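Close look at the chain arrangement
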Amino acid sequence: MDADRMLGSELRGLRRRRPEVAGTVLAGTDGLLISSDLPTTDATHLAALAAASFGLGNRVADTVRHGEFQESVVRTARGAVVTYPAGRHALLTLVTAAATDLETLHAEARAVADRTGSVFDRQRTTRTHTVPPPDPRAPLAVRTPMATLPGRSQNAPRTTGWRRPPI
């Protein structure tokens, strides 16, 4: 089974086992959407917000020195949004109904996050290693000063009638 199909089946399986989960989003820690069963625009926005929430939660956990970030929970009037780290480079976010028992959900959601995260990390590592690394002895790029850009010489008269208005 390929990685994309496995990620989708994990998310669908969680929703089948836990009907109080209204939607799932798997996103990169950079905020880019990987997989979801929410409408695309909602999923894209939620992926970005999950990354921001993770960054903030990770920073708070680091500041108070209480161990690694485990989850971020946002309770709303109609439910909750919970974000879990999924491997090194992904986040699993669940949108749940109001009556959800989050304590029982955490164990199952963390297991799904671990499985999907490890698959995504392997997939990312495979993609990363197929691109050859840059040659460390290659010359650096040379910046061209603005005055030497092609198409305009320093002594050429301006051809437009536009002038800067007085300040």
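Moving on: the packing of aromatic side chains. Within the structure shown, the criterion is met by one aromatic pair. For the ring pair F54 and F69, a centre distance of 5.2 Å and an interplane angle of 80 degrees mean the geometry is edge-to-face. One end of the pair, F54, is in helix α2 (residues 40-64); the other, F69, is in the loop between α2 and β3 (72-76), and 15 residues separate them in sequence. Across the pair, exposure class does not vary: F54 and F69 are buried alike.

Now for a nonpolar patch on the surface. A surface patch of nonpolar side chains, amounting to about 270 Å² of accessible area, comprises L56, V60 and V64. Take V60: it is sitting in helix α2.

On to the pattern of salt bridges, then. Applying the stated rule across the entire model yields six salt bridges. Of the charged contacts, one joins E10 and R115 as a salt bridge, the two residues approaching to 2.8 Å between their closest N and O atoms. On the criterion of sequence distance, the pair formed by E10 in helix α1 (residues 3-17) and R115 in helix α3 (residues 102-130) is long-range, its members being 105 residues apart. A relative accessible area of 13% places E10 in the buried class. For R115, a relative accessible area of 36% puts it in the partly exposed group.

A separate point is the nonpolar core. Counting residues in each nonpolar core, the largest one holds 20 residues, and the members touching the most others are L26, Y84, L92, L94 and L105. Contributing elements (two or more residues each) for this core: α1, β1 (21-28), β4 (79-86), β5 (90-97) and α3. Ranked by residues supplied to this core, first place goes to α3 with seven residues. For L26, the residues in contact, after removing those within four places along its chain, are L7, L11, L33, I34, S35, A86, A90, L91, L92 and T116.

What follows deals with the sheet that holds β3. Here five strands make up an open sheet; going across it, the order is β2-β1-β5-β4-β3 and the pairing antiparallel. Sheet topology places β2 (33-36) and β3 at the edges, where each strand pairs with a single neighbour. Pairs of neighbouring strands in the sheet enclose a mean axial angle of 15 degrees, with direction left out of account. Inspection of the sheet shows β3 paired to β4 by five bridges, in the antiparallel sense. Bridge pairing in β4 places S72 opposite T83. Against the sheet, α2 contacts β1, β2, β3, β4 and β5, and its axis sits at roughly 110 degrees relative to β5.

Rules and cut-offs
Residues numbered from 1 in each chain as written. Predicted model: local features only at pLDDT ≥ 70, side-chain atom pairs only at ≥ 80, totals over all residues. Heavy atoms only, no water. Phe/Tyr/Trp six-rings, centres within 6.5 Å; stacked < 30°, edge-to-face > 60°. Helix = DSSP H or I, 4+ residues; strand = E, 2+ residues; numbered from the N terminus. Buried < 20%, exposed > 50% of the residue type's maximum accessible area, 1.4 Å probe, protein only. Patch = residues over 30% accessible without salt bridge, like charges linked within 9 Å, V, L, I, M, F, W, Y side chains within 5 Å. Areas by Shrake-Rupley, 256 points an atom, 1.4 Å probe, with all protein chains shown as cover. Salt bridge = Lys/Arg side-chain N within 4 Å of Asp/Glu carboxyl O. Core = buried A, V, L, I, M, F, W, Y, C linked by side-chain atoms within 4.5 Å. Contact = heavy atoms within 4.5 Å. Pairing = 2+ DSSP bridges. Axes fitted to C-alpha atoms, helices over the stretch in contact; angles between N-to-C directions.

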